[in-house]
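Close look at the chain arrangement
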Amino acid sequence: TASAKTKTYGDTDPSLTYNVTGLESGDSITGTLSRVSGENIGNYIIGQGTLSAGSNYTIVYNQDTLKITPRAVTVKADAKSKVYGSTDPSLTYQITAGTLVSGDNFSGALTRTSGENIGKYAINQGTLALSSNYTLSYIKDSLTITNKTLTITASAKTKTYGDTDPSLTYNVTGLESGDSITGTLSRVSGENIG
């Protein structure tokens, strides 16, 4: 009677073992069990293989299965940041638990919660996936959008004593398209020369 066995996808097969009843003292079993080939998750029948007890016996063989279970992998998003108005950085991740079987790869990509104002935006699993041979766990992190430096430079002005103040104007660098400056400049009070 074959013993039921289990292994995780990607691991080496366990030894295929069995129990025997009816064997006479001094006699022995030769050969080994075999199993149906395949490495994806599922149940694979363990067959009699080359087991033999010699010509004095008729073997009644009771099969069982080798069960291949999914491989657990955990990935964590890398925290990211950008300055307001700039392009998003690539959203990347690290494997924090488990390993991939050689030749296997992730498909898809991470996504983030939409928004372009300063603040924190969750980085989500998106379409990131592995084959059905894996159980994928995902740990999210955030993309932080930080303030952009805006430079406002006042323009020098002149007036003659007694005249009305000229308009106070300025130059701006760093303003994103679609954004605007509100409010007005002011000056220290006084009407004497200086």
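Residues numbered from 1 in each chain as written. Predicted model: local features only at pLDDT ≥ 70, side-chain atom pairs only at ≥ 80, totals over all residues. Heavy atoms only, no water.

Attention now goes to the overall build of the chain. Within the chain, the regular secondary structure consists of zero helices and 13 strands. When the helices and strands of the chain are listed from N to C terminus, the series reads β-β-β-β-β-β-β-β-β-β-β-β-β. Computed over the C-alpha atoms, the radius of gyration of the chain is 37 Å, more than 25% above the 16 Å expected from 2.2 N^0.38 for a compact globule of 194 residues. Dimensions along the principal axes, computed over C-alpha positions, put the chain at roughly 130 × 25 × 20 Å. Taken across its 194 residues, the chain has 18% of its residues classed as buried. Put simply, 50% of the contacts in the chain that link residues at least 6 apart link residues at least 24 apart. In the structure as shown, the chain presents an accessible area of about 12,700 Å², 49% of it carried by carbon and sulfur atoms. Side-chain charges in the chain split into 15 positive and 16 negative, and the spacing between the mean points of these groups amounts to 6 Å. (Helix = DSSP H or I, 4+ residues; strand = E, 2+ residues; numbered from the N terminus. Rg over C-alpha atoms; globule rule 2.2 N^0.38 Å. Buried < 20%, exposed > 50% of the residue type's maximum accessible area, 1.4 Å probe, protein only. Contact = heavy atoms within 4.5 Å. Areas by Shrake-Rupley, 256 points an atom, 1.4 Å probe, with all protein chains shown as cover. Lys, Arg positive; Asp, Glu negative; His and termini not counted. Charge placed at Lys NZ, Arg CZ, Asp CG, Glu CD.)

This part takes up the sheet that holds strand β10 (residues 134-139). An order of β7-β5-β10 is seen for the three strands of this open sheet, with the pairing classed as mixed. At either margin of the open sheet sits one strand with a lone partner, and together these are β7 (93-97) and β10. Put simply, the sheet's adjacent strands are angled 30° from each other on average, direction ignored. As judged from the six bridges shared by strand β5 (residues 71-77) and β10, these two strands associate in the parallel manner. The partner of Arg-71 across the bridge, within β10, is Tyr-134. (Pairing = 2+ DSSP bridges. Axes fitted to C-alpha atoms, helices over the stretch in contact; angles between N-to-C directions.)

Our next topic: the nonpolar core. With 14 residues, the main nonpolar core has Val-73, Val-75, Phe-106, Leu-110, Ile-123 and Tyr-138 as its most contacted residues. Contributions of two or more residues to this core are made by β5 and β10. Residue contributions to this core peak at three residues, all from β5. (Core = buried A, V, L, I, M, F, W, Y, C linked by side-chain atoms within 4.5 Å.)

To continue, consider the packing of aromatic side chains. One pass over the full model with this rule turns up two aromatic pairs. Measuring from centroid to centroid gives 5.4 Å for Tyr-9 and Tyr-134, while their planes differ by 75°, and the two rings are edge-to-face. Linking Tyr-9 in the loop between β1 (5-8) and β2 (34-35) with Tyr-134 in strand β10, this pair joins segments that are 125 residues apart in sequence. Residue Tyr-9 is classed as buried on the basis of its relative accessible area, which comes to 8%. When the centroid spacing of 5.2 Å and the interplanar angle of 70° are considered together, the rings of Tyr-93 and Phe-106 count as edge-to-face. Within this pair, whereas Tyr-93 is found in strand β7, its partner Phe-106 is found in the loop between β7 and β8 (111-112), the two being separated by 13 residues in sequence. Note on Tyr-93: relative accessible area 26%, which makes it partly exposed. Its guanidinium or amino end placed over the ring of Tyr-121, Arg-112 lies 5.2 Å from that ring's centre, counting from NZ or CZ. (Phe/Tyr/Trp six-rings, centres within 6.5 Å; stacked < 30°, edge-to-face > 60°. Lys NZ or Arg CZ within 6 Å of the ring centre and 35° of its normal.)

Okay, the side chain of Asp-78 next. If you trace the backbone, Asp-78 turns up in the loop between β5 and β6 (80-83). For the buried Asp-78, no salt bridge is present, and the opposite-charge side chain at shortest range is Lys-80, 5.0 Å distant. Polar contacts involving the side chain of Asp-78 include one to the side chain of Thr-92, which spans 2.6 Å. Every residue in contact with Asp-78, bar those within four places of it in the chain, is listed here: Thr-92, Tyr-93, Gln-94, Ile-123 and Asp-141. (Salt bridge = Lys/Arg side-chain N within 4 Å of Asp/Glu carboxyl O. Polar contact = N/O pair within 3.5 Å; in protein donor to acceptor, adjacent residues only side chain to side chain.)

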